[in-house]
Every structure is written in C-alpha cells, then in structure tokens.
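These are the residues of each chain, in order.
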Amino acid sequence: MPLFFNNKNRTPLGIYIHVPFCRSKCQYCDFYSLTTKEDKVLDRYQDAVCAHIKETGPLAPDYVVDTIYFGGGTPSFFGADGMAAILNTIRKSFKVSSTAEITFEANPDSVSDRLLRRLRSEGFNRVSLGIQCDNDEILKKLGRPHNYAQAVSAVQRIRKFKFKNLSVDLMFGLPGQSLQDWEKTLKNVLKLQPEHISCYGLTVEEGTPLYEYREYCNLADEDTQADMYLSAVEILRQHGYRQYEISNFCKKGNVSRHNLKYWNGEPYLGFGPNASSDFGGRRFTIVRDLKKYIEGIRHGGQVLQEVQTIATRERAGEYLSLRLRTASGIDPKAYERQFLLPFGPLEKCLQECKERGLATKTFDGRWHLTPNGFLLSNSIISDLLVIQDKN
C-alpha cells in the first residue's frame with residue numbers, strides 16, 4: 001500500500017512530470033516533445049525519471065506534496081503503466097498528502113478503458129483533456145490526432161470511471177475560425193459539463209510548422225481574438241464558471257491547485273527533460289534533450305541547463321507579474337511586508353487603469369485586473385515593473 005502523509009506543519013510542494021512523447025506533433029506546438037513509441041526509449045525515460053525522483057526526495061524532508069501533475073507531450077500516449085510506476089516512486093520518495101490533487105493530461109484518441117481503470121485505481125483524480133475545438137476540419141489543419149466525436153467519447157469514458165474533476169483545454173483564434181464558430185465550440189463543450197475549462201488564444205511561435213504558412217491560413221487578427229476572449233468570459237460566467245486566472249474558469253471548488261502554485265509563487269519540482277523547478281530559493285530548468293537527460297541521470301552528469309538564485313526585488317516583480325494573472329490579484333500590504341518596497345507608486349498606475357476600466361480595487365484593498373485588463377496585462381505589468389525598478 002502507498003504511504004500518505006498529512007502534516008500541516010510541512011510546506012506544501014507541487015511536483016510536475018514532463019512526459020515528452022506524442023503520437024504526432026501539432027502544427028502550432030513549441031513544447032519539447034518527441035514522436036516515438038519505441039519501448040527502449042520509453043523505458044529509459046521512465047528509469048531516468050524514477051531515479052531522479054529517488055535522488056531528490058531526501059532533499060525535501062520538510063515538505064508535503066499536495067499536487068502532482070503529469071504534463072507533456074501526451075502522458076496518456078506514454079501509457080498507464082509508466083505513469084503508475086512514476087507516481088509510486090514519488091510516494092516512496094516524498095511525503096504525499098492524503099488529499100493530493102493528481103492530474104494527468106490526455107488526448108482524446110489515447111483515452112481507453114484500460115488507461116482510465118488503471119490510473120483511477122492508482123489514485124489519479126483529475127484529468128486534463130486536450131479537446132481544443134469541435135470542428136474536425138480545423139483540428140486536422142492543426143495536426144491534432146483526434147476528431148470531436150472521439151473527444152465526446154473520451155469524456156464519457158472518463159465519467160464511466162468516476163473521475164469527478166475534468167478539465168478541458170480549448171483554443172481560439174484558430175485557422176478559419178470565426179467568432180460564431182468559437183461560440184459554437186463553447187456551447188458544445190458546455191454540454192459535456194466539465195468542472196474546469198481552459199481557453200487559450202492561438203500563439204504562432206517561430207520554429208513551428210504553422211509559423212511557416214501563417215500568412216495563408218486565415219488566422220484571426222488581434223481584435224477578433226479579443227472579441228473571442230471576452231465572449232468566452234461572458235458565456236462561461238452565464239453557465240456558472242468562475243474566472244480565477246486569465247485563461248482558466250471553473251465550477252466552485254475546482255480550481256487547478258497545481259497551476260495556482262505557479263501563479264502564487266509557491267515551491268514546485270519538475271522532473272523530465274525541459275521541466276522547470278522553483279525550490280529552495282532557486283529556479284532551475286532541466287536540459288531540453290531526452291538523451292542528455294537520461295545519460296546525465298544514469299552516469300551522475302549535469303542535467304540542469306539553467307540555475308538562478310532569485311533576488312528579493314526580482315521576486316517582487318514576479319509577485320506582480322504572476323498574481324495579476326489571477327482574479328484574486330495583488331495585496332498592497334502583503335507586497336510591502338514581504339518585499340520592503342513602497343506600493344504607493346504602483347497604486348497610482350493601477351488607479352489610472354481603474355479609470356480606463358482595466359483594473360478594480362476590492363473592499364479589502366486588493367487590486368485585480370478586469371477581463372479587458374487581462375487583454376492588456378502584458379503592457380500593464382510592464383509599466384508596473386518599470387515603476388518598481390525606480391523605487
């Protein structure tokens with residue numbers, strides 16, 4: 001039987017497992033992933049991740065793991081046996097809360113009864129399903145390996161195995177997608193009754209196949225993307241979904257506890273190639289190369305490609321940057337107490353944003369951005385960081 005711990009005196013810790021395997025590479029994807037199903041490669045990856053976890057566990061004796069997230073890539077493509085082995089290694093190497101949120105990402109085409117039965121029995125309790133769109137023609141253009149009928153079937157299977165926390169990923173601003181198409185996608189997905197919905201605007205990254213023919217695939221302009229975003233905010237609000245972060249909406253009690261760790265600046269450890277960590281006052285990233293990662297773990301070599309010690313002023317900037325992504329926003333008193341910096345100059349900027357309908361101040365003094373403010377969040381945060389650097 002796996003060991004569980006529930007110690008309130010320990011610091012909560014998140015664990016992220018990067019599974020860099022996919023059936024195929026999407027046209028827009030710039031994440032580190034590989035299209036392979038060779039057993040030797042998958043087995044060596046699993047061995048390396050498990051060994052890395054075993055080495056790291058003793059370095060966190062005062063922490064309790066309360067969120068575990070398998071992302072990718074496509075963890076469901078990697079398979080239930082591999083994920084179960086890694087999860088059990090985490091339980092043996094770290095103290096894991098009895099109420100931990102344990103998530104795996106899945107594509108609809110790789111969801112099976114066997115996968116869900118095994119993972120549910122192992123203690124996984126949350127699924128993040130990459131639906132993206134309900135239009136099969138657009139899905140094909142994106143290089144997605146599924147159609148919408150498979151997505152609906154996947155949701156039915158997930159419910160069959162008693163997963164009560166389902167998140168779905170959607171994208172807007174897709175090739176040939178109109179505002180009406182996007183609203184139709186939302187309405188169809190709402191019929192599936194997920195507990196959590198993430199809505200991301202398509203970003204065309206240099207180096208991806210989509211970037212090469214971006215001028216010929218009828219992409220939405222910035223104004224249309226903005227209309228799509230605001231439409232999603234309103235439609236989801238009408239259906240009982242609370243917006244708690246720029247791109248994330250949920251039914252009551254179903255926030256992504258793991259992702260909140262990133263936005264709240266809480267500690268987390270990442271395992272697998274290209275995974276990032278923020279732990280012990282330092283931020284570090286693992287090499288973006290599966291072979292180098294496996295060899296480094298196997299032979300005691302260097303697997304970190306970047307290590308930073310974060311100064312207090314930089315942490316203050318991160319507080320502004322990350323917390324303003326969330327609906328809870330920033331607390332002036334907490335900012336001054338934690339970073340010993342004046343909030344007054346920042347408040348003046350936020351007050352100007354308020355007058356433009358981009359920010360609001362709650363009765364307890366917290367500042368947060370409005371949906372229109374979220375659309376301009378990069379610019380607003382940039383202005384705040386400039387002001388902070390002058391004080």
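Structure first, text after, so check above.
Source: prediction; values computed, not measured. (Residues numbered from 1 in each chain as written. Predicted model: local features only at pLDDT ≥ 70, side-chain atom pairs only at ≥ 80, totals over all residues. Heavy atoms only, no water.)

**Some points on the overall build of the chain**
A tally of helices and strands in the chain yields 16 helices and 14 strands. Compactness check: the chain gives a C-alpha radius of gyration of 21 Å against a globular reference of 21 Å for 391 residues, within 12% of the reference. The dimensions of the chain, computed from C-alpha atoms along their principal axes, are 60 × 50 × 40 Å. At a minimum sequence separation of 6, the contacts of the chain that also span at least 24 residues come to 70%. By element, 48% of the accessible surface of the chain is carried by carbon and sulfur atoms, the whole surface being about 18,400 Å². Taking the 52 positively charged and 46 negatively charged side chains of the chain as two groups, their mean positions are separated by 8 Å. (Helix = DSSP H or I, 4+ residues; strand = E, 2+ residues; numbered from the N terminus. Rg over C-alpha atoms; globule rule 2.2 N^0.38 Å. Contact = heavy atoms within 4.5 Å. Areas by Shrake-Rupley, 256 points an atom, 1.4 Å probe, with all protein chains shown as cover. Lys, Arg positive; Asp, Glu negative; His and termini not counted. Charge placed at Lys NZ, Arg CZ, Asp CG, Glu CD.)

**Regarding the packing of helix 1 (residues 39-56) against helix 11 (residues 290-299)**
For the pair helix 1 and helix 11, the least separation of the axes is 9 Å and the interaxial angle reads 50 degrees. Here helix 11 runs oblique to helix 1, going by the angle between their axes. The element helix 1 and its partner helix 11 pack so that their crossing is left-handed. Contacts between helix 1 and helix 11 involve V41, R44, Y45, A48, V49, A51, H52 and E55 on the former and, on the latter, L290, Y293, I294, I297 and R298. Across the contact of helix 1 with helix 11, the residue classes tally to nine nonpolar, one polar and three charged. (Axes fitted to C-alpha atoms, helices over the stretch in contact; angles between N-to-C directions. Parallel < 35°, antiparallel > 145°, perpendicular 65-115°, else oblique. Left-handed = near helix turned anticlockwise from the far one by under 90°. Nonpolar A, V, L, I, M, F, W, Y, C, P; charged D, E, K, R; others polar.)

**Topic: the packing of aromatic side chains**
Counted under the stated rule, the structure contains 17 aromatic pairs. Measuring from ring centre to ring centre gives 5.7 Å for F104 and F124, while their planes differ by 85 degrees; the resulting arrangement is edge-to-face. Residue F104 is found in strand 3 (residues 96-106), and its partner F124 is found in the loop between helix 4 (113-122) and strand 4 (126-132); the two are separated by 20 residues along the sequence. Across the pair, exposure class does not vary: F104 and F124 are buried alike. Between the aromatic rings of Y262 and Y268, the centroid separation amounts to 4.7 Å while the plane-to-plane angle is 80 degrees, which identifies the pairing as edge-to-face. With a relative accessible area of 23%, Y262 lands in the partly exposed category. The residue whose ring lies beneath R120 is F163, and the NZ or CZ to ring-centre distance is 5.3 Å. (Phe/Tyr/Trp six-rings, centres within 6.5 Å; stacked < 30°, edge-to-face > 60°. Buried < 20%, exposed > 50% of the residue type's maximum accessible area, 1.4 Å probe, protein only. Lys NZ or Arg CZ within 6 Å of the ring centre and 35° of its normal.)

**Concerning the side chain of E318**
Within the secondary structure layout, E318 lies in helix 12 (residues 312-323). Assessed through its relative accessible area of 18%, E318 is described here as buried. Those residues in contact with E318 that lie beyond four places of it in its chain are R283, I310 and R323.

**A few points about the packing of helix 1 against helix 3 (residues 80-93)**
Between helix 1 and helix 3, the least distance of the axes is 9 Å, while the angle of their chain directions is 10 degrees. When the axes of helix 1 and helix 3 are compared, the pair comes out roughly parallel. Counting all contacts with helix 1, which are made through Y45, Q46, V49, C50, I53 and K54, the residues of helix 3 involved are G82, A85, I86, T89, I90 and S93. Classifying every residue of the contact of helix 1 with helix 3 gives seven nonpolar, four polar and one charged.

**Section: the environment of P371**
When you line up the elements, P371 lands in helix 15 (residues 371-375). P371 sits in the partly exposed class, given a relative accessible area of 29%. Each C-alpha atom, one on P371 and one on D43, is 45 Å from the other, the two residues being 328 residues apart in sequence. With sequence-adjacent residues up to four places away left out, P371 is seen in contact with Y229, L230, V233 and Q243.

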